[in-house]
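# Results of the structural survey
This is what each chain is made of:
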Amino acid sequence: MTLKKFKTSNLVLTVLFAVLSAFFLLPLIWMLSAAAKTEREVWTFPIQWIPKEWNLVSNFKAVWLGDVSFGLFYMNSIKIALISTLATILISSMAGYALSKLDFKGRGLVFSLMLAFMMIPEQATLVPRYILIKELGLYDSHGALILMGMFSSYFAFLLRQFMAGIHNDLLEAAELDGAGFLRIFWSVMVPLSRPILATVGIIKFIWTWNDYQGPLIMLNSTKLYTIPLGMQFFQEEFGTRIAVMMMASVAAILPLLALFLALQKQVIEGIAIGGVKG
């Protein structure tokens, strides 16, 4: 009786989650459908999920081969997101290693200050960061966005918490074999932290890719625009052409989908391990 009830409850939950998943996927499905339609068919009601008149090639050309440099915005976002993500993973993992495994004077104070900085809203530091970037001569350059995106107390804290759960016996064994703290970090800590590093990488890449505030404040030249600013600029040219805008939106989210599909196993492992440790 208990087993039957358990199976029934599982079936109900599965059906419920499937319905909710379909509900949340409807906007994405509509966007993919609209990107392949003519403008007239986009406004057809009830919605034609499968286009009767395919206009995929024309919409594609309008986005990638038109007068607006969407491809340039695309490459700018990839450049900034990749460099910022890799730098964040490296710097935050080193900070997490130092705060969790290295014994140095003031470690507790540094950790407390990092927690305090996490409570400060990003908008509160916007003006000081803008002044700093201007003084460094990096205003209106990708270097400004990369420099601002390299350091993250949140990811340093996340990696510190994960690395604190790695047994010290592994580090002591490596130390007995003659490994220094840098070798231990690279050969022991990094491989054991791959799931959480993948999680950090995906979250950071998504945050950077979708960032609108940073580029809006730090960039002035159109040729340096990232995807969020580029979409705004693109809308001024094609705002009334919904199908073209949906094609641009599809292009904008493709790297995020590819990144998640490539690293979803590591992300799930990171979340699962973190859940067990928590």
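Structure's up top.
Residues numbered from 1 in each chain as written. Predicted model: local features only at pLDDT ≥ 70, side-chain atom pairs only at ≥ 80, totals over all residues. Heavy atoms only, no water.

## Overview of the pattern of salt bridges
Within the structure shown, the criterion is met by one salt bridge. Glu 122 is paired through a salt bridge with Arg 129; the nearest N and O atoms lie 3.8 Å apart. (Salt bridge = Lys/Arg side-chain N within 4 Å of Asp/Glu carboxyl O.)

## Points about the environment of Met 150
On the secondary structure map, Met 150 appears in helix H7 (residues 142-150). It is 8.7 Å that separates the C-alpha atoms of Met 150 and Ser 92, two residues lying 58 residues apart in sequence. Setting aside its immediate chain neighbours within four residues, Met 150 contacts Ala 87, Thr 88 and Ile 91. (Helix = DSSP H or I, 4+ residues; strand = E, 2+ residues; numbered from the N terminus. Contact = heavy atoms within 4.5 Å.)

## Digging into the nonpolar core
Val 63, Phe 70, Trp 209, Ile 227, Phe 234 and Met 246 are the most contacted members of the largest nonpolar core, which has 28 residues in total. At the level of secondary structure, the elements contributing two or more residues to this core comprise helix H1 (2-34), helix H3 (56-64), helix H4 (70-101), helix H11 (194-210), helix H13 (227-238) and helix H14 (242-277). Per-element tally for this core: the top contributor is H14, with eleven residues. Residues Leu 159, Phe 162, Met 189 and Val 190 belong to the second largest nonpolar core, which totals 18 residues. (Core = buried A, V, L, I, M, F, W, Y, C linked by side-chain atoms within 4.5 Å. Buried < 20%, exposed > 50% of the residue type's maximum accessible area, 1.4 Å probe, protein only.)

## Focus on the packing of aromatic side chains
Within the structure shown, the criterion is met by twelve aromatic pairs. Pairing Tyr 97 with Phe 185 gives two aromatic rings, centres 5.4 Å apart and planes at 35 degrees, and the pair type is tilted. Remark: Phe 185 occurs in helix H10 (residues 181-192) and Tyr 97 occurs in helix H4; sequence separation between them is 88 residues. According to the relative accessible area criterion, Phe 185 is buried, its value standing at 5%. Measuring from centroid to centroid gives 5.8 Å for Tyr 154 and Trp 207, while their planes differ by 40 degrees, and the two rings are tilted. Of this pair, Tyr 154 sits in helix H8 (residues 153-164) while Trp 207 sits in helix H11, and the two are 53 residues apart along the sequence. Classification of Tyr 154 as partly exposed rests on a relative accessible area of 34%. (Phe/Tyr/Trp six-rings, centres within 6.5 Å; stacked < 30°, edge-to-face > 60°.)

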